[in-house]
Amino acid sequence: MNVILIVVGSVLLAVGVFRSIAERKREAQNVVRFEKPSQKPFVYNIDMDSLNHAGDAPKDESPFPEPEPTQKEKPEPADISPDNPQAQVETGKVEETTGPKQKGNLFEGHVADILKANGIRLKQWNQGTTSPEGAFAENELNPDFFVSQKSDRGQLDYWIECKYRASLHREGFRLKDYQLSRYESIQRSSKRKIIVALGVGGAPDSPEKFYLIPLDTLSRFKRVGHKFLPHYIIENPRQNLRNHMHDWFYNDVFKKKNYNK
């Protein structure tokens, strides 16, 4: 009887041991399966020295320095030097976006100031004003200025047509055919000479060169070439235009001692 009990107890003990071993294997498999991630874990590269001394860092500073933000490049300031063709009017230049009408008005204002500086009366100023639908006064077809100049030799009344060119073509200066025809007609009907005030280079309100060309010259030769332009240039017109008209134009252009008689 005792032998039977011993055998049964040994069998039960063996079964319990095998069950315990099987459960441990099952747990070990679960642990291994759990510890195998589907993706490689991200590893933080931590400076242990910085971590060890983190308590020594000031309150406002982090033991892990952040990368400095990238500075955006600042745009370079606009070039408004006089050599820049797009500089402002204050520098003596006019922006390239200025249209022909605006440039013409600026040059007319420059010529008007020259006339005033020389004591020449400005009797008419035709500024080419038109309505949105194209209506205009007939006198707008006349040259820009009608002026009067007095001297000891008498009085001169004449027209001035203003023309500005940033540069001249190879052939020099000329008027368009319809302009030349219209001005010739006005000169005949009014019996007053027409002088073309020509500004070249620089800006409309401060050209590098200033010329006075009789309409008779353009009627005869159709143009004034570069070779002959120096004959019509006026140096320092604010001071010399009046004397130029009196000494040279009085005889060579108007061809009378007193043109109005």
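That block above? That's the structure.
Computed from a prediction, not measured in an experiment: that's the story for all the values here. (Residues numbered from 1 in each chain as written. Predicted model: local features only at pLDDT ≥ 70, side-chain atom pairs only at ≥ 80, totals over all residues. Heavy atoms only, no water.)

Caption draft 1: Spotlight on the nonpolar core. Ranked by size, the top nonpolar core spans 24 residues in total, and within it Tyr158, Phe210 and Leu212 carry the most contacts. Elements that contribute at least two residues to this core include exactly helix H3 (100–117), strand S2 (145–151), strand S3 (154–165), strand S4 (194–200), strand S5 (209–214) and helix H6 (237–252). If near-sequence neighbours (up to four positions away) are discounted, Phe210 is found in contact with Phe107, Val111, Ile114, Ala197, Leu198, Tyr232, Ile233, Ile234, Pro237 and Leu241. Counting residues in hydrophobic clusters, the runner-up holds 18 residues, among them Phe173, Leu175, Leu215 and Tyr232. (Core = buried A, V, L, I, M, F, W, Y, C linked by side-chain atoms within 4.5 Å. Buried < 20%, exposed > 50% of the residue type's maximum accessible area, 1.4 Å probe, protein only. Helix = DSSP H or I, 4+ residues; strand = E, 2+ residues; numbered from the N terminus. Contact = heavy atoms within 4.5 Å.)

Caption draft 2: Just the layout of surface pockets, in detail. Of the volumes computed, that of the largest pocket is approximately 790 Å³. Around the largest pocket, the lining comprises 28 residues; the ones closest to its centre are Glu108, Asp144, Glu161, Lys163 and Gln179. For the lining of the largest pocket, the elements supplying multiple residues, two or more each, are H3, S3 and helix H4 (177–190). Counting residues per element, the lining of the largest pocket draws most heavily on H3, at seven residues. Tallied by class, residues from the lining of the largest pocket come to nine nonpolar, nine polar and 10 charged. (1 Å grid on protein atoms, 1.4 Å probe; cavity = no way out; pocket = protein on both sides within 12 Å on 5 of 7 lines; lining within 4 Å. Points joined across faces, edges and corners; volume = space filled by probe spheres on them. Nonpolar A, V, L, I, M, F, W, Y, C, P; charged D, E, K, R; others polar.)

Caption draft 3: Molecular detail of the sheet that holds S3. The sheet built from five strands is open, its strands ordered S1-S2-S3-S4-S5 with mixed pairing. Two strands lie at the open edges of the sheet, namely strand S1 (121–125) and S5, each paired on one side alone. When strand polarity is set aside, the average angle formed by the axes of neighbouring strands in this sheet is 30 degrees. In this structure, S3 lies alongside S4, joined through seven bridges in parallel fashion. Across the sheet, residue Tyr164 finds its bridge partner in S4, namely Gly199. H4 rests against S3 and S4 of the sheet, and its axis sits at about 170 degrees to S3. (Pairing = 2+ DSSP bridges. Axes fitted to C-alpha atoms, helices over the stretch in contact; angles between N-to-C directions.)

Caption draft 4: Highlighting the pattern of salt bridges. Evaluated as defined, the whole model comprises four salt bridges. Salt-bridge contacts for Glu161 lead to Lys163; the nearest nitrogen and oxygen are separated by 3.4 Å. Lys163 shares its class with Glu161; the two are buried. The salt bridge partner of Asp216 is Lys193, with a shortest N-O separation of 2.7 Å. In this pair, Asp216 is assigned in helix H5 (residues 215–221) and Lys193 in the loop between H4 and S4, connecting sequence segments 23 residues apart. (Salt bridge = Lys/Arg side-chain N within 4 Å of Asp/Glu carboxyl O.)

Caption draft 5: Focus on the packing of aromatic side chains. Following the criterion strictly, the structure yields four aromatic pairs and no others. Aromatic side chains Phe107 and Phe210 sit 6.4 Å apart centroid to centroid with 50 degrees between the ring planes, which places their arrangement in the tilted category. Taken as a pair, Phe107 in helix H3 and Phe210 in strand S5 lie far apart in primary sequence, 103 residues in all. Of the two residues, Phe107 and Phe210, neither departs from the other in class, the shared state being buried. Measuring from ring centre to ring centre gives 4.7 Å for Phe146 and Trp159, while their planes differ by 55 degrees; the resulting arrangement is tilted. Of this pair, Phe146 sits in strand S2 while Trp159 is found in strand S3, placing the two residues 13 residues apart along the sequence. Both residues of the pair, Phe146 and Trp159, count as buried. (Phe/Tyr/Trp six-rings, centres within 6.5 Å; stacked < 30°, edge-to-face > 60°.)

Caption draft 6: Representation of H3 in the model. The end-to-end C-alpha separation of H3 is 26 Å, in line with the 26 Å expected for 18 residues at 1.5 Å each. Taken as a whole, H3 has its buried residues at Phe107, Glu108, His110, Val111, Ala112, Ile114 and Leu115. Summarising the contacts, the buried residues of H3 are in contact with S1, S2, S3, S4, S5 and H6. Just past H3, the residue Gly119 takes up positive phi, approximately 70 degrees. (Expected span 1.5 Å × (residues − 1).)

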